[in-house]
Each structure stands twice: as structure tokens, then as C-alpha cells.
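Coordinate analysis (summary)
This is what each chain is made of:
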Amino acid sequence: MDGDGNTMDFRELIGLPEYDFLRDDQRLGRRIILLGLGGSYAYGTNNEDSDIDLRGVTLPLSSDLLGLTDFEQYEDRRTDTVIYSFNKIVKLLLECNPNTCEILGLDEDQYLIRTELGQELIDHSHLFLSKRAARSFGGYASAQLRRLQNALARDSVPQAERENHILNSVKNALEDFQRRYDNFEYGSIHLYVDKAVTEGMETEIFVDAVQNHMPLRDYKKMFTVMNNVIRDYDKLGKRNRKKDNNHLNKHAMHLIRLFMMAVDILEQGRIRTHRVDDLELLLKIREGGFQKEDGTFDAEFYDMLDEYERHLERAAISSSLPDNPDLKKVGAFMESVNRRVIEGVF
């Protein structure tokens, strides 16, 4: 729906000149296997101020698989469009990354492009679902909560307490980093918080690292992940200036939505992006139904949040999903798709 309550024709929208890149770029065009709504329009929580986000998947070029070219994703900021390479999205899906899981859980009418290969990817979504969802969605929710709390607390929290507060925000990233690099074939690397040596800080993140004979490209990838951890850590540590109530309520709504989606994955083994059955509650949060006059949130909201956190913990324990995806099956599917790319039969 648009701001006037009329049904918006998104398929007609992508025919406009500003979306010509979907047809003209050599990496897109007929190589796009999925294109659908993202953000608030995907969740059903959009209002008159919501931007239209599009998310999709495109097939790599043969040279990406056999030659020297490399490609991860295409971004068009003017139209808020992000289209992932098939290989990149598979790697993100293996981690139950919330931003990419959403693409596989849309309603039929929320897809603007869905080829046979795109449907095949959706049909194989079960291969990517595991108990990792508790950590990935929970980690995103934790970061969302800390952003909300930091915005409300402003500068009232002591630096040492704020530092640990921020660390919890990136706990998911740290845990994922340790899982991959705490002990790997080229050495080890460990991130942790200790008494600060940097002037003006009481605690900070430190690193213990040993690497030997490590390929530079692998080191670059590891450094990029580590840099993202520190970037998020520093960003969350800074004072959030003049966040308006609409922004705070949006943070709070997405916090609860992430828990809802994680519980669905763990208990039902499915991705449900369009929260049609939960819209009353989500829209109440977005419209300020739990916010007090001073901008903070009432006890009912935090009680609800505590219950969702407990629900996620229970769901993670009782879930019938595997601890980790079956890499052999995922690899076979990935190889099948890429073989068709090389043969030009897609």
C-alpha cells in the first residue's frame, strides 16, 4: 500500500527509468533469479514515510567461477536496491543471516522476479536453517536493543559500563569471529575486553594474534571482519544525537520482529518475512504505543522483551533443527547451480 492507502504496483515501479540498471547491467538482466521487497514493505509494517527497498539474487558470470573476476553484490543507493551474488548469498544463508534469510520468506506477491532457479533456491531454503538462527537473529536483536538503550541513555552511563554495554551489542560478531579464527590452520586470533591502555577509556577490546604463512587474501578477509567488529563497536559507543521518537519506535519494533522471525525458524523450520499475524503488535510499537512522554519505554514493553528473549532460549533448546547446516548437501546444490551457469542453461 502507498501513503494514500492505494495498492502499489511494484512490478510497474521497476519498469521506470530509475530501475533501468536491472535490465542494462551485464550482471543483472536475465541473470537475476530473485527480486523482491525488502524492509518495511516486506514485513508489512510500512507507513507513509517508508522507503521502498528491493533485495535480490543474481547469478555469477562464468569468469567469476573460472576466471579472474569477482563479484559479491550490486547496490543502487538511489533506489535502495541490493542484489547479492548467488555464491555470496549462500554463504550468508549458511550463517542464518537475517538480512538474507528474509529474501527466501516473502509472500508470492512480494516477489517481482522469480525464475525457475529462484524458486529452486526458495525450495532449498530448509538446507540453510539451523540452530545458528538463535545466535544470528539474537545477535542482531541484541545490537538493536543496545542502539535503542544507547539512544535513551545518552551520556548518562559511566564509560566503563558503557564499554561493556557496547561489547554486548557486537557479541554475535565476536562469537562468530572466534568460531572461525580462534584456532585455524594459519594460527589463532582472539578478541577480548580488558583494562584500557588508551587514554580516556577504562576498558577496551584487545587482540592476541599469531599467524604463519597465511595467504594475503585470506588475511584481508579476516581483517575486514575484524575491522567491522571494531567499527560497529566504536559506532555504538558514540552518542546518538537527537533521535526522534519515530526512529526509536522503529528500533523497538524491529527488535521484537527479529525475535518473532527467529522463533518461527527454530520452532517451525520456516522463514516468514511478512508478519501478517503480528502486525497489530508491531504497528502498535512503531506508532509509539509503548513509549512514555519522556521518550523512554514503559515496563510492559520490557516485560514483553524479556518474554521474547526467554522464548528464543527455549526454542533454541527444543528445536529439531541441526546445530549446523549440512555442508555436503548445500555444496551439491551450489555446484548444481554453478554448473548450469557455466553451461549457460539457466
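Just so we're clear, the structure is a prediction, and the values are computed from it rather than from any experiment.

Our next topic: the overall build of the protein. The number of helices and strands found in the protein is 15 helices and 7 strands. In the protein, which comprises 346 residues, the proportion classed as buried is 49%. Looking at the protein as shown, the accessible area adds up to about 18,300 Å², and 47% of this sits on carbon and sulfur atoms.

Structurally, Thr100 can be placed in helix H6 (residues 98-101). Look at Thr100 and you get buried, because its relative accessible area is 0%. Taking the C-alpha atoms as reference, Thr100 lies 10.0 Å from Lys88; in sequence the two are 12 residues apart. In this view, Thr100 contacts Tyr84, Ile89, Leu92 and Leu93; residues no more than four positions away in its chain are not counted. Among the polar contacts listed, one links the side chain of Thr100 to the backbone oxygen of Asn97, at a separation of 3.1 Å.

With that settled, consider the packing of aromatic side chains. Going through the model one piece at a time under the given rule, you end up with 9 aromatic pairs. Note on Tyr192 and Phe206: the rings are 6.1 Å apart at their centroids and 20° apart in plane angle, and the pair reads as stacked. Of the two residues, Tyr192 is situated in strand E6 (residues 187-195) and Phe206 in strand E7 (residues 203-211); the sequence distance between them amounts to 14 residues. For Tyr192, a relative accessible area of 26% corresponds to the partly exposed category. In this structure Phe206 comes out as partly exposed when scored by relative accessible area, which is 21%.

Our focus in this paragraph is the sheet that holds strand E4 (residues 81-85). Ordered by their spatial adjacency, 5 strands build an open sheet running E3-E4-E2-E1-E5, and the pairing between neighbours is mixed. Where the open sheet ends on each side, the last strands, each with one partner, are strand E3 (73-76) and strand E5 (111-114). Neighbour to neighbour, the strand axes of the sheet diverge by 15° on average, direction disregarded. Both E3 and E4 contribute to a ladder of 4 bridges, which runs antiparallel.

Moving on, we get to the nonpolar core. For soluble globular proteins, the rule of thumb is that nonpolar side chains tend to be buried together. Counting residues in each nonpolar core, the largest one holds 78 residues, and the members touching the most others are Phe86, Leu121, Ile256 and Phe301. Among the elements that line this core, the one with the most residues is helix H12 (residues 245-268), at 13 residues. Discounting chain neighbours no more than four positions away, the residues touching Phe301 are Leu148, Ala252, Leu255, Ile256, Ile285 and Phe290. The next biggest cluster of nonpolar side chains, apart from the first, holds 9 residues, and it includes Phe177, Phe184, Ile205 and Met226.

This brings us to the pattern of salt bridges. Counted according to the given criterion, the structure contains 17 salt bridges. The shortest N-O distance in the salt bridge between Arg132 and Glu95 comes to 3.1 Å. Of this pair, Arg132 sits in helix H8 (residues 132-153) while Glu95 is found in the loop between helix H5 (86-94) and H6, placing the two residues 37 residues apart along the sequence. By relative accessible area, Arg132 is classed as buried at 11%. The salt bridge involving Glu108 is made with Arg114; its shortest N-O contact spans 3.8 Å. Residue class for Glu108 comes out exposed when judged on its relative accessible area of 59%. Accessibility expressed as a relative area gives 33% for Arg114, which makes it partly exposed.

Our focus in this paragraph is a nonpolar patch on the surface. Among the surface-exposed residues, Leu216, Tyr219 and Phe223 lie close enough to one another that they form a single nonpolar patch of about 330 Å² accessible area. Relative to the elements of secondary structure, Leu216 occurs in helix H11 (residues 216-237).

Another point: the environment of Ser50. Among the structural elements, Ser50 can be located in the loop between helix H3 (39-43) and strand E2 (53-58). Once residues lying within four places of it in the same chain are set aside, the contact partners of Ser50 are Ser40, Tyr41 and Arg286. At a separation of 2.8 Å, a polar atom in the side chain of Ser50 contacts the main-chain amide nitrogen of Asn47.

Caution is warranted with low-pLDDT regions, since their predicted coordinates should not be read in detail. Within the protein, residue pLDDT values average 86, and 86% of them lie at 70 or more. A low-confidence stretch, residues 237-243 (pLDDT under 50), is modelled with 13 contacts involving residues beyond four sequence positions or located in other chains.

Next up on the list: H5. Within H5, 7 of the 9 residues are buried, leaving the element largely enclosed by the surrounding structure. Within H5 the residues assigned to the buried category are Phe86, Asn87, Lys88, Ile89, Val90, Leu93 and Leu94. Measuring from the backbone nitrogen of Asn87 back to the side-chain oxygen at the start of H5 gives 3.3 Å, which picks out Ser85 as the cap. A positive phi of about 55° marks Cys96, the residue just after H5.

This part takes up helix H14 (residues 299-318). The first and last C-alpha atoms of H14 sit 29 Å apart over 20 residues, in line with the 28 Å expected at 1.5 Å per residue. Inspection of H14 places Phe301, Met304, Leu305, Tyr308, Leu312 and Ala315 among the buried residues, and these make up the whole buried set. Considered in projection along H14, the buried side chains sweep an arc of 100° and stay on one side of the axis. The exposed set on the far side of H14, more than 90 degrees from its buried face, consists of Ala299, Asp303, Glu313, Ile317 and Ser318.

Criteria and thresholds
Residues numbered from 1 in each chain as written. Predicted model: local features only at pLDDT ≥ 70, side-chain atom pairs only at ≥ 80, totals over all residues. Heavy atoms only, no water. Helix = DSSP H or I, 4+ residues; strand = E, 2+ residues; numbered from the N terminus. Buried < 20%, exposed > 50% of the residue type's maximum accessible area, 1.4 Å probe, protein only. Areas by Shrake-Rupley, 256 points an atom, 1.4 Å probe, with all protein chains shown as cover. Contact = heavy atoms within 4.5 Å. Polar contact = N/O pair within 3.5 Å; in protein donor to acceptor, adjacent residues only side chain to side chain. Phe/Tyr/Trp six-rings, centres within 6.5 Å; stacked < 30°, edge-to-face > 60°. Pairing = 2+ DSSP bridges. Axes fitted to C-alpha atoms, helices over the stretch in contact; angles between N-to-C directions. Core = buried A, V, L, I, M, F, W, Y, C linked by side-chain atoms within 4.5 Å. Salt bridge = Lys/Arg side-chain N within 4 Å of Asp/Glu carboxyl O. Patch = residues over 30% accessible without salt bridge, like charges linked within 9 Å, V, L, I, M, F, W, Y side chains within 5 Å. pLDDT = per-residue confidence, 0-100. Expected span 1.5 Å × (residues − 1). Arc of directions from axis to C-beta.

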